[in-house]
Amino acid sequence: MAINDLYTDGLAKGWKIRDASTLTNDETLEADVVIVGSGAGGGTAAEILSAAGLSVLMLEEGGLYTSRDFKALDEFSSYSKLYQEAAGRATSDGAIPILQGRAVGGTTLVNWTTSIRTPKPTLEYWARDFGLKGSAADEMAPWFAKMEERLGIAPWAAEPNANNAVLRDGCDKLGLHWKTIPRNVRGCWNLGYCGLGCPVNAKQSMLVTTIPAALDRGMTLVHHARADRLQFAGGRVNGLTVQALDADTRHPTGITLNVRAKHYVLAGGAINTPALLLRSKAPDPHQRIGQRTCVHPVNASLAVFDREIDGFHGAPQSIYSDHFLWPEDGGIGYKLEVPPLQPMLASSVLARYGDALAQDMAQLPNTNVLIALMRDGFHEQSAGGRVRIDDSGQPVFDYDVHEPLWNALRHAFVQMAEIQFAAGAKSVRPAHIDAEPYASMDEARAAIAALPMRKHRAGLVTAHLMGGCAMGEDRQRCVIDSRGRHHETENLSIFDGSMFPSSIGANPQLTIYGFVSRNATALAEALAPAAKAAA
Amino acid sequence: MSPDWAPATALDRRGFLKLGAGSAAAFTLLGASVQLAGCSQQAAPAAAGFRWLTAADLPFARLLVAGVAGSALPADPAIADAALEEGARRIDICLDALDAPAQKEVRKLFDLLQWAPFRRFAGGVAKPWTEATAADMQTLLANLSASRLGLLNGAFRALAKIGSVVFWSQPVAYPLARYPGPPAWAVAALNA
Ligand SMILES: Cc1cc2nc3c(=O)[nH]c(=O)nc-3n(C[C@H](O)[C@H](O)[C@H](O)COP(=O)(O)OP(=O)(O)OC[C@H]3O[C@@H](n4cnc5c(N)ncnc54)[C@H](O)[C@@H]3O)c2cc1C
Ligand code: SF4
């Protein structure tokens, strides 16, 4: 069955898409609004702003890959092309590997489709501590509903794969909360390769939804184009220099694009957006840019079953548990989910080698993995990390883990093992250098209590980058206001995961879609009359 | 865990490593020692056919794949060689794709690992990488992993991860993970 390639059809009907790697001369580009980045925030903003009649220019540093490029379902090819730093990004000390997308569609191209609204306590915390206005659960509800409708978000109706069923069954046995995950898919084949790019356009990523809609409205998309520096003067941005990147998207070709727009929208994602602002010496009177960058630090527990789990096939995430998300003592909580288990990704978290690794890998079809996503940024001793730039202006991300977070991670090792044993696991091993496979819960509990909780010994990872340009009316603590407009700069908005004052306590995409659809709508209302008058 | 791990103690005695575990400054310090010793590959060009790995890095890179693959490396020498070569090519793609700050750190690590005093005292490997075996690579990994220095544990994680992903992502390794690849019906339908 041939899958319709939206982009082949789109180009035939006149979509304006340019590959900056092929340019041979510097150029000046003009638009009402330029959007840097084509992920969750950039894509959502593009559709809304172009629908309002504004001329929109979208820049993306990664390449353009479409459904036909994903047919091979090959891990190495996808991870090396579609992710920041070929999936090798990490915190500055290497202790937390970072998965983040880098292609047209941004991280939505490769994410695992879990679509959950912002938890109410998170919205309350942002309102109380950061002065975020107009963003209570009932005020946000229509925006979430609108994006759920737009992206086909609904609870996964098929049976979860066995990897997810372990979480459901284990929680059931123990009387813990669990729920079916809503996914942003239409006509999903239940393949399980969402992390490599969806080969059938079922995943409702920005690549196949909002970006095509904006292109239909005349938006220009330039890929292989990296926003390098904004020029600030007199309380405004009055230009943006953009580097064309070579075919591999790794090195500048030397060609520069000079962009002039009435309004500038940054949507390069957490880490890259704060780095662009720092590189550009954006006004930052309270030195907030890059601060409070949160990651939902993730630890994992590996369980071996004597039945087939085949975690490499089937929708990657369909069950979650929030049982431990909001502990009664007010401490750091976590969300429980599972990851997909294709061999490359699975091998990367094992931190083993040689025969021990080979033995682990030989068990892959019988292996279940649970992950715990820590809710960082809600407590004084867990204020997230800090993005800074090196001499050449490249991002460097420092993230410290303090005692309360280590305690929550240890707690999660225990609870994950409980759930896995309750679901029938024969043995469980926390993803920790000093851990062994344990054959019973008693053994696991005693061993986990003694595990040294230190960086590099406990395995950590993140796929959720949030914060660095906090949103709220408190100008001492926040970079942007409640509508995403930069506090110090007239014509600059930030519409991506960097806007959050802390982590979310849920997978980020729907929170980004909801806030950006509201804030971009407000921006369109502010700009559109001017755009129409000028036309 | 071995708190009294000998090679690190030897290093401490030699006064190379007095820094707290995980201190980023330690790499800088050791990097400086390597530069003084004249072994840095920082300015060396990439090997022919490679983007980032230098000619001096290649034996280490191939051995890393072999050490991490262990008994999963195919028995047929020609197939094994091809997997190691492809592994080195994939390491090269991964490292070339890192941003400059991470590349600088990896350069320091690679230089250190090829610097005889470090290889011997921290890694426990007497032979240069051009003469060493997969078992020697595993000795290095074991020592880095067992060290009480967070910095060396971090080096272990980085090496284990890159070795794992470049080997276990290759189709030749799929049968050993009993991974059937994407569902056959889907592959057929997608390519119909
Ligand atoms: C493997 C994986 C699985 C995930 N699964 C889920 C999930 O199931 N559910 C969920 O809610 N979330 C998930 N996430 C996270 C979620 O997809 C992201 O949080 C979200 O897409 C972030 O949106 P964003 O707008 O902040 O940035 P992104 O979507 O990351 O987009 C930013 C884009 O900007 C580009 N860019 C950056 N800097 C520049 C520059 N200087 N110039 C030009 N372009 C630039 C980047 O290349 C990128 O394409 C997952 C993430 C990963 C990595
Ligand atoms: S599971 Fe569904 S959404 Fe994910 S890649 Fe497969 S078909 Fe696409």
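Please refer to the structure placed before this passage.
Let me begin by describing the structure that accompanies this report. Just so we're clear, the structure is a prediction, and the values are computed from it rather than from any experiment. (Residues numbered from 1 in each chain as written. Chains lettered and ligands numbered in written order. Predicted model: local features only at pLDDT ≥ 70, side-chain atom pairs only at ≥ 80, totals over all residues. Heavy atoms only, no water.)

## A few points about the environment of threonine 273 of chain A
All names here are of chain A.
- With respect to the element layout, threonine 273 can be found in helix 8 (residues 272-279).
- The exposure class of threonine 273 is buried, given its relative accessible area of 2%.
- In this structure the C-alpha to C-alpha distance between threonine 273 and aspartate 355, which are 82 residues apart in sequence, comes to 42 Å.
- Contacts of threonine 273, omitting those with residues within four sequence positions, involve Leu266, Ala267, Gly268, Cys469, Ile494, Asp496 and Ser498. (Helix = DSSP H or I, 4+ residues; strand = E, 2+ residues; numbered from the N terminus. Buried < 20%, exposed > 50% of the residue type's maximum accessible area, 1.4 Å probe, protein only. Contact = heavy atoms within 4.5 Å.)

## Digging into the packing of aromatic side chains
- Under the defined criterion, the tally for this structure stands at 18 aromatic pairs over all chains.
- Seen from the ring of tryptophan 156 of chain A, arginine 183 of chain A lies directly overhead, with NZ or CZ sitting 4.4 Å from the centre.
- Between the NZ or CZ atom of arginine 90 of chain B and the centre of the ring of phenylalanine 76 of chain A, over which it lies, the distance is 4.5 Å. (Phe/Tyr/Trp six-rings, centres within 6.5 Å; stacked < 30°, edge-to-face > 60°. Lys NZ or Arg CZ within 6 Å of the ring centre and 35° of its normal.)

## Some points on the sheet that holds strand 13 (residues 334-337) of chain A
All names here are of chain A.
- If you trace the 4 strands from one edge of the open sheet to the other, you get 13-14-11-17, paired in antiparallel fashion. If you trace the sheet from one side to the other, it starts and ends with strand 13 and strand 17 (427-430), each paired once. Along the sheet, successive strands turn relative to each other by an average axial angle of 20°, direction set aside.
- Relative to strand 14 (residues 367-374), strand 13 runs antiparallel, the two being bridged by 4 bridges. Bridging across to strand 14, lysine 335 finds its partner in leucine 373.
- Strands in contact with helix 11 (residues 403-422) are strand 11 (298-304), strand 13, strand 14 and strand 17; relative to strand 14, the strand with the most contacts, it is inclined by about 150°. (Pairing = 2+ DSSP bridges. Axes fitted to C-alpha atoms, helices over the stretch in contact; angles between N-to-C directions.)

## Remarks on the interface of chain B and chain A
- Taken residue by residue, the interface counts 51 residues in chain B and 57 residues in chain A.
- Summing both partners gives a buried area of about 4,500 Å² for chain B against chain A, and 60% of it is carried by carbon and sulfur.
- On inspection of chain B and its partner chain A, the count reaches 3 salt bridges.
- We note a salt bridge from lysine 104 of chain B to aspartate 390 of chain A, for which the minimum N-O separation is 4.0 Å.
- One can count 14 residue pairs in polar contact (both at pLDDT 80 or more) joining chain B with chain A.
- Counting only elements with at least two residues in the side of chain B that touches chain A, the list comes to helix 3 (58-69), helix 4 (77-96), helix 5 (100-113), helix 7 (134-146), helix 8 (150-168) and helix 9 (184-191) of chain B.
- Examining the composition of the side of chain B that touches chain A, we find that 10 residues originate from one element, helix 8 of chain B, more than from any other.
- The class makeup of the residues in the side of chain B that touches chain A is 29 nonpolar, 13 polar and 9 charged. (Buried area = accessible area lost by both parts, 1.4 Å probe. Salt bridge = Lys/Arg side-chain N within 4 Å of Asp/Glu carboxyl O. Polar contact = N/O pair within 3.5 Å; in protein donor to acceptor, adjacent residues only side chain to side chain. Nonpolar A, V, L, I, M, F, W, Y, C, P; charged D, E, K, R; others polar.)

## Describing the site of ligand 1
Residues and elements named next belong to chain A.
- Taken together, 40 residues lie around ligand 1, and Glu60, Thr107, Thr114, Gly497 and Gln509 are the ones closest in.
- Measuring from an oxygen atom of ligand 1, one finds a backbone N or O atom of proline 508 at 3.3 Å.
- Starting from 1,000 Å² of accessible surface for ligand 1 in isolation, the protein chains cover 98%.
- Every element with two or more residues in the shell around ligand 1 is listed here: helix 2 (40-51), strand 3 (56-60), strand 8 (225-233) and helix 13 (509-534).
- When grouped by side-chain class, the residues that make up the shell around ligand 1 number 14 nonpolar, 21 polar and 5 charged. (Near = heavy atom within 4 Å. Areas by Shrake-Rupley, 256 points an atom, 1.4 Å probe, with all protein chains shown as cover.)

## Looking at helix 11 of chain A
All names here are of chain A.
- For helix 11, with 20 residues, the first-to-last C-alpha span of 29 Å sits near the 28 Å given by 1.5 Å per residue.
- The buried count for helix 11 comes to 14 of 20 residues, which makes it a mostly enclosed element.
- Just beyond helix 11, the residue with positive phi is glycine 424, at close to 105°. (Expected span 1.5 Å × (residues − 1).)

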